[in-house]
Structures are given as structure tokens and as C-alpha cells.
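Tertiary structure, described
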Amino acid sequence: MRILVTGGAGYIGSVVTEELLSDGHTVVVYDNLSKGHRASISHSTEFVHADLTDAETLGQTFAQHEIEAVVHMAADSLVGESVENPARYYQNNLVAGLCLLNAMRAAGVQHIVFSSTAATYGEPEEQPIAETAPNNPTNPYGASKLAFEHALRWYDKAYDLRYASLRYFNAAGASERCGESHDPETHLIPIALQAAAGSRTHVEIYGDDYPTPDGTCVRDYVHVIDLARAHILALGALDQGSRIYNLGCGGAGYSVREVIQAARRITGRPIPERVGPRRPGDPAILVASADKIKRELGWNPALQDLEVIIESAWRWMLTNPNGYHGT
Ligand code: UDP
């Protein structure tokens, strides 16, 4: 299939692109490079450097490349930033997304896989979280993603748009070529590895007074390659109707302290930690039930071991000490 990947220059988008290419699809990456990196884009794709709100370029892209389906990953995705700047999140995650849906309608493209988030659930009463749990986002990031999911539902009913909304838990790890490189970095695993590499002095733990076994937040880390494989499966199932899936590994999840400890084991280096205040908008625990996608699509997160995830991220960091900068 000919697939438009919005946000294909980003961390997860670049790995999804790799998996789509290895599955034999033709990929057009559409990215404004606000967060993504040109160097992460495979040479086997066409690249369109533009914003989703640029209706003319977007329309031309659909027509010129005869796009048949969309994987929509272009978004802002930082909880803390979204609390400080909700306008940015509603603009980039909702308004720009609606521009994409309108361009799809104009081009007659009916299939979309959407990068959603566990942040749509907020602070659920039950863990692990099933897709049927109520949605009560505690931050504008989750709220803006949920708003777009609602649009998808109504576009499905009215215009026969078929969507798969994939609610990511914590994407982590790296492929051989593509890894996580944000500036500034805010995610726990790369931050812990930067501390191991000596490019930062310590990891600040955002609160150790949560109602969790060791007081630090618990998350469900999923290898970015496993996550990417789920997009291929979801794309192949759209003919049979729209659906929403959690993408996490389930189990008990890992606390911030457990992640730092695992990073010490993998790197063999000291990683100093300090406890700081809570980060606004952070739920105490987010752990998925991924039974639905495993049952319905046969998804198998084969790389779910936390040490395998951290090891891949560490290898990528050692090979790319400056991330994508200078490549
Ligand atoms: N975290 C932390 N220190 C950091 C970065 C993150 O304690 O420097 C915590 C954060 O509060 C959350 C968990 O690590 O509980 C994972 O955060 P991350 O930003 O990696 O992903 P998120 O859960 O926000 O998607």
C-alpha cells in the first residue's frame, strides 16, 4: 500500500516507517520537523517537509502519491508542556488533525491508524487499564488526543472513515538505526542513560510520595519496535472496521526507581538520583491491559523485557552520542 506517515521523522514515526518499508509498503513521510529529525528519515521514502495545516501541500501530497492509507503520528506529546501551554496542544493535536481528516475526505482515503495515548484515561480506578475504562484525562495532552479520537468516531459514522486508535503506554528503546533524541530530553529512560554516560549529573525523580510500592510513579514500557509492529497489524485490520487498542505490555509495570536501577545494571555505571517535586499532570500508575490487541490481531510484544528495552536504547546512545545532531 502507499501510506502517508505524518510525524514520520519523529522517534516512534521513524521506527514505524522502517517496519512499513520492511513489510513492502511505499511510505511518504509528512513532517514539519518541529520535533523530528531529517536524519531519521529513511532514504527509501519520499519526504514532504510541511505542516498539516498547509492544506494545499497536504492535498497535493495525497494526489501526487496516490495515498491509500494514513498513519497519523504527528503530534506534541509532553504532559508537562501541555499543562503549561494547552493552546499549543489543541492546535497541533486537534486542529492540525482535523485538517488531515478533511484532506483524507477530499482525497477519498478511508483508512487511518492514529497514535493515541494512555493519557486519555487519566487516573483510572482499576489497573491494568482496559480499553473500556472511562476517559478522564488529567492533562491537555491526553485531552487533545481524546478530542481527536472523538472526531474519528463521528467521521466513521458519517463518512465511513475507518480508524484504529492505538493508545500508547510508554514507548522506549531503539531500533538499530533509529532512537530517541529530544532536545531538551524529558523522558525517563534516555535521561537515566544520559546520566550514565556522564552528559548529565543525575536523574531527578519527580515525586516519591505516590501511592505505589516504592512511592515513585509506575509505567508500562513497551519496545518501540513492538509498538511499530502493532501499526502494521492494525492497518491490515481496518477493512473489518474501526477499533481502539491499548499498546503496553501489562504486568505490574515498572517504577521510576526500578527503571533507574535497571539502567545501572545494563550500563554498569553509577546513576545518581535526587528526589524532586511531582511533575504536574502525572498519574501515579499507568499499566495496560493489552489483551484486546493480542486476542484480536495476534500482537506479540516479543521485546517487552525492561532490560532488553534499556539495552537497545543504551546501544543506540553509544553509537549516536549526539543523537541525530551532527549526522
Ligand atoms: N520521570 C522522572 N524523572 C525524569 C523524567 C521522568 O521521575 O527526569 C518520571 C515521570 O514523572 C513519569 C515516568 O518517569 O512518572 C515516565 O516519564 P516519561 O516522561 O518518560 O513518560 P510519560 O509517562 O510522561 O509518558
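Structure: see above.
Because the structure is predicted, anything quoted here is derived from the model rather than measured.

Parameters at a glance
Residues numbered from 1 in each chain as written. Predicted model: local features only at pLDDT ≥ 70, side-chain atom pairs only at ≥ 80, totals over all residues. Heavy atoms only, no water. Near = heavy atom within 4 Å. Polar contact = N/O pair within 3.5 Å; in protein donor to acceptor, adjacent residues only side chain to side chain. Helix = DSSP H or I, 4+ residues; strand = E, 2+ residues; numbered from the N terminus. Nonpolar A, V, L, I, M, F, W, Y, C, P; charged D, E, K, R; others polar. Salt bridge = Lys/Arg side-chain N within 4 Å of Asp/Glu carboxyl O. Buried < 20%, exposed > 50% of the residue type's maximum accessible area, 1.4 Å probe, protein only. Pairing = 2+ DSSP bridges. Core = buried A, V, L, I, M, F, W, Y, C linked by side-chain atoms within 4.5 Å. Contact = heavy atoms within 4.5 Å.

1. Topic: the site of the ligand
Taken together, 14 residues lie around the ligand, and Leu188, Glu204, Tyr206, Arg279 and Asp282 are the ones closest in. A distance of 3.0 Å separates an oxygen atom of the ligand from a polar atom in the side chain of Asn170. In the model, an oxygen atom of the ligand is placed 2.8 Å from a nitrogen or oxygen of the Leu188 main chain. Mapped by element, the contributors of at least two residues to the shell around the ligand are helix H6 (188-197) and strand E8 (203-206). Classifying every residue of the shell around the ligand gives seven nonpolar, three polar and four charged.

2. A short note on the pattern of salt bridges
Tallying each qualifying case throughout the model produces 20 salt bridges. In this structure, Glu19 engages Arg229 in a salt bridge whose closest nitrogen and oxygen atoms are separated by 2.8 Å. On the criterion of sequence distance, the pair formed by Glu19 in helix H1 (residues 11-22) and Arg229 in helix H7 (residues 224-237) is long-range, its members being 210 residues apart. Residue Arg229 is classed as partly exposed on the basis of its relative accessible area, which comes to 31%. Close ionic contact of Glu311 with Arg315 constitutes a salt bridge, the shortest N to O distance being 2.7 Å. Of this pair, Glu311 and Arg315 both sit in helix H10 (residues 306-319), four residues apart, which is roughly one turn of that helix. Since its relative accessible area comes to 32%, Glu311 is described here as partly exposed. The exposure class assigned to Arg315 is partly exposed, which follows from its relative accessible area of 47%.

3. Comments concerning the sheet that holds strand E9 (residues 218-219)
Across the sheet, three strands lie side by side as E12-E9-E14; this open sheet has mixed pairing. Two strands close off the open sheet at either side, each with one partner strand: strand E12 (254-255) and strand E14 (285-286). Pairing between E9 and E12: two bridges, direction antiparallel. Residue pairing in the sheet places Val218 in a bridge with Ser255 of E12.

4. Details of the nonpolar core
Ile12, Leu20, Val71, Val113, Leu247 and Ile293 are the most contacted members of the largest nonpolar core, which has 41 residues in total. Elements represented by at least two residues in this core include exactly strand E1 (2-6), H1, strand E2 (26-31), strand E4 (69-72), strand E6 (162-168), H7, strand E11 (243-247) and helix H9 (291-297). At eight residues, the largest contribution of residues to this core is made by H7. Beyond its immediate sequence surroundings of up to four residues, Ile12 is in contact with Met73, Tyr168, Ala171, Val224 and Leu227.

Any functional reading would require information that these geometric values do not contain.
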